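A closer look at the structure
Given next are the chains, with one letter for each unit.
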Amino acid sequence: MKVLVTGGSGRLGVAVVEGLLGLGHEVVSVDRCAPGRRHGGEWFAADLAVAEEARWAVGRVGPDAVVHLAAVAVPFSRPEGEILRVNTALAHHVCAAALEAGVRSVVVASSPTVVGYGAPGGWVPSYLPIDEAHPVAPWHAYGLSKLVAEQVVRMFAARAGERMRVSVVRPCYVIGEEEWAGAPTQLGHTVRERLDDPSLAAGSLFNYVDARDAADLIGLLLSRGDEVPNGETFFAGAADALARAPLAELLPRFHPGTAGLASALVGDAAAFRNANAERLLGWKPARSWRTELR
Ligand SMILES: NC(=O)c1ccc[n+]([C@@H]2O[C@H](COP(=O)([O-])OP(=O)(O)OC[C@H]3O[C@@H](n4cnc5c(N)ncnc54)[C@H](O)[C@@H]3O)[C@@H](O)[C@H]2O)c1
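Residues numbered from 1 in each chain as written. Predicted model: local features only at pLDDT ≥ 70, side-chain atom pairs only at ≥ 80, totals over all residues. Heavy atoms only, no water.

1. Some details on the pairing of strand β9 (residues 233–236)
- Residue alternation in β9 divides its side chains into two sets, Thr233 and Phe235 and Phe234 and Ala236, and both sets are buried.
- In the sheet, strand β6 (residues 165–171) pairs with β9 via 4 bridges, with the strands oriented parallel. Counterpart to Arg170 in the pairing with β9 is Phe235. (Buried < 20%, exposed > 50% of the residue type's maximum accessible area, 1.4 Å probe, protein only. Helix = DSSP H or I, 4+ residues; strand = E, 2+ residues; numbered from the N terminus. Pairing = 2+ DSSP bridges.)

If you want it as structure tokens, here you go:
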């Protein structure tokens, strides 16, 4: 397959480009910025938040599949209105351009933040572990922009029917090979610091995923997208929590009111479950901080 990866220069993008190359795909990446870390795919520049540039970029490559990762990826890293505008425009313009160009398969990155954890007004999960059926309630523009991106995917699934298969992946906190080796993670701390001080990972319920595992699931969705409902959503998280103590103990400490719901999260159990990936594709993550941290 010829695959266009948007945001291919980013933290997750580099791993996805490498993962797809490893599966034998021809991979081209488009991003506003050049890849900081070298990857084997071809790269070119475009601002995909501009509809004409998105159309030009997809048309220039003529891919069989598109993996859409480009986004303002960190909550509050830019003014709220800008995050909402850019991320929703990106999702819409890339999917629209893909349909217009006859692309067969599209995977769009969303985020677990759509469920609303950490809301200053107070938030408790409806149940634990959280899966794709859990209610959504974003409380910042980033989470809202990802929820809109998910709706964009469903809109294009409805519009395209069998002409284009579209899926959503909600990667948990992405950790790549450099971060396992000690580089700062997305929010600035190293993995080891997040493990040593549970308050750092508590806000996101100790979720994480190895970037290569997320890339594996995306690769699977490209090759077996026909086997899953069009417009479906998939969590992509590690099987365990990014914590040294059980979440049954940690979650109530940082999220008052969760003691009862969290009581089943004993041992290394995570707060999120890849229910759809497991049920529909038989996918499970292969890596854990226990095996990867150097
Ligand atoms: N990193 C995480 O922990 C995490 C967790 C959940 C979801 N996600 C989602 O996964 C995707 C990838 O995240 P990441 O961590 O690799 O982010 P990142 O910031 O490292 O990469 C995003 C890339 O998108 C590019 N981009 C932004 N605006 C663009 C535009 N207008 N046109 C073209 N390119 C543009 C950036 O230059 C950047 O290289 C994002 O959609 C993010 O929201 C990431």
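Having seen the structure, we can now continue with the description.
2. With respect to the pattern of salt bridges
- Counted by the stated rule, this structure contains 16 salt bridges.
- Linking Arg287 and Asp213 is a salt bridge whose minimum nitrogen-to-oxygen distance equals 2.7 Å. Separated by 74 residues along the polypeptide, Arg287 in the loop between α11 (275–281) and α12 (289–292) and Asp213 in helix α8 (residues 211–224) bring together distant segments of the chain.
- Residues joined by salt bridges that share partners form a network here, namely Glu150, Arg154 and Arg170. (Salt bridge = Lys/Arg side-chain N within 4 Å of Asp/Glu carboxyl O.)

3. Some words on the site of the ligand
- Near the ligand, the surroundings consist of 28 residues, among which Leu12, Asp31, Asp47, Tyr142 and Val174 are the closest.
- Within the side chain of Lys146, one N or O atom sits 2.8 Å away from an oxygen atom of the ligand.
- When the ligand sits alone it has 810 Å² of accessible area, and the protein chains cover 90% of it.
- Only α1 (11–22) and α4 (141–160) provide two or more residues apiece to the shell around the ligand.
- A per-element tally of the shell around the ligand places α1 first, with 3 residues. (Near = heavy atom within 4 Å. Polar contact = N/O pair within 3.5 Å; in protein donor to acceptor, adjacent residues only side chain to side chain. Areas by Shrake-Rupley, 256 points an atom, 1.4 Å probe, with all protein chains shown as cover.)

4. Considering helix α2 (residues 51–61)
- Among the residues of α2, Ala54, Ala57, Val58 and Val61 are the ones counted as buried. The arc that holds the buried residues of α2, viewed along the axis, is 90°, so those residues lie on one side.
- Two residues or fewer past α2, Gly62 is found with a positive phi of approximately 60°. (Arc of directions from axis to C-beta.)

5. Some words on the side chain of Thr113
- As for its position among the elements, Thr113 is in the loop between β5 (105–109) and α4.
- Apart from the residues within four sequence positions on either side, Thr113 is in contact with Pro138, His140, Tyr142 and Gly143. (Contact = heavy atoms within 4.5 Å.)

6. Looking at the packing of aromatic side chains
- A complete count under the given rule lists 7 aromatic pairs for this structure.
- On the basis of an interplanar angle of 80° and a centroid distance of 6.4 Å, the ring pair of Tyr117 and Trp123 is categorised as edge-to-face.
- Assessed through its relative accessible area of 15%, Trp123 is described here as buried.
- The interplanar angle of 85° and the centroid separation of 6.2 Å between the aromatic rings of Trp180 and Tyr208 together place this pair among those described as edge-to-face. (Phe/Tyr/Trp six-rings, centres within 6.5 Å; stacked < 30°, edge-to-face > 60°.)

7. Let's talk about the nonpolar core
- Ranked by size, the top nonpolar core spans 36 residues in total, and within it Leu4, Val30, Phe44, Leu48, Val66, Val106 and Met164 carry the most contacts.
- The set of elements that each furnish at least two residues to this core consists of β2 (26–31), α2, α3 (80–100), β5, α4 and β6.
- Considering every element that reaches this core, the biggest residue donor is α3, with 9 residues.
- Beyond its immediate stretch of four places on either side in the chain, Val66 contacts Leu4, Thr6, Val94, Ala98, Val103, Ser105, Val106 and Val107. (Core = buried A, V, L, I, M, F, W, Y, C linked by side-chain atoms within 4.5 Å.)

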